[in-house]
Amino acid sequence: MPVHPLISDHAISLSATLAATIGLEEAILLSVLNDAARLQTQPQARLNSDTLRRQVPFWNDDTITRVLSSLIDKGLLQIHGPAFTQAAGIVFSFANAPAQTVQTPRP
């Protein structure tokens, strides 16, 4: 089957369930970071800022920073060292998913 002429570069694998759970932008960035980390063996992965920009060319630096912050706030990502725009790259690791909140009924 022929491929669509507009799809000529790297595709981002995305879980619909993940996007519904944490948000579409967060799922996209987490998938990109996961792909980068998968190629490395250290506990903390490294990703060059320009490489990240090439992976998500549809976002500017402000959007990348905002989505990184959202992943950190959700407890899904940890950044070690300078922030995205303050260095040539980011050093990151994945945190465990936040615990589910269990609400107890009030009497």
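Residues numbered from 1 in each chain as written. Predicted model: local features only at pLDDT ≥ 70, side-chain atom pairs only at ≥ 80, totals over all residues. Heavy atoms only, no water.

> Outline the packing of helix α2 (residues 24-38) against helix α4 (residues 61-73), supporting the account with residue identities and numerical values.
Orientation of α2 relative to α4, taken along the N-to-C sense of each, is 90°, at an axis distance of 9 Å. Comparing the axis directions of α2 and α4 gives the class roughly perpendicular. In this structure, α2 contributes E25, E26, L29, L30 and L33 to the contact, and α4 contributes T63, I64, R66, V67, L68, S70 and L71. Looking at the contact of α2 with α4 residue by residue, the classes come out as seven nonpolar, two polar and three charged. (Axes fitted to C-alpha atoms, helices over the stretch in contact; angles between N-to-C directions. Helix = DSSP H or I, 4+ residues; strand = E, 2+ residues; numbered from the N terminus. Parallel < 35°, antiparallel > 145°, perpendicular 65-115°, else oblique. Contact = heavy atoms within 4.5 Å. Nonpolar A, V, L, I, M, F, W, Y, C, P; charged D, E, K, R; others polar.)

> Lay out the environment of A87 in plain terms, naming residues and giving numbers.
With respect to the secondary-structure elements, A87 resides in the loop between β2 (77-79) and β3 (89-94). Given a relative accessible area of 28%, A87 falls into the partly exposed group. Each C-alpha atom of the pair A87 and N48 lies 8.9 Å from the other, and the pair is 39 residues apart in sequence. In this structure, A87 is in contact with S49 and P82, ignoring residues within four places of it in sequence. (Buried < 20%, exposed > 50% of the residue type's maximum accessible area, 1.4 Å probe, protein only.)

> Account for the pattern of salt bridges, naming residues and giving values.
Summed over all chains, the structure comprises three salt bridges. Taking the shortest distance from any N to any O, the salt bridge between R66 and E25 comes out at 2.9 Å. Pair noted here: R66 is in helix α4 and E25 is in helix α2, with a separation of 41 residues, a long-range link. Residue E25 is classed as partly exposed on the basis of its relative accessible area of 27%. Between D50 and R53 there is a salt bridge; the shortest N-O distance is 2.9 Å. Residue D50 and its partner R53 are located together in helix α3 (residues 49-55), separated by three residues, close to a single helical turn. (Salt bridge = Lys/Arg side-chain N within 4 Å of Asp/Glu carboxyl O.)

By themselves, these observations are geometric and do not establish any function.
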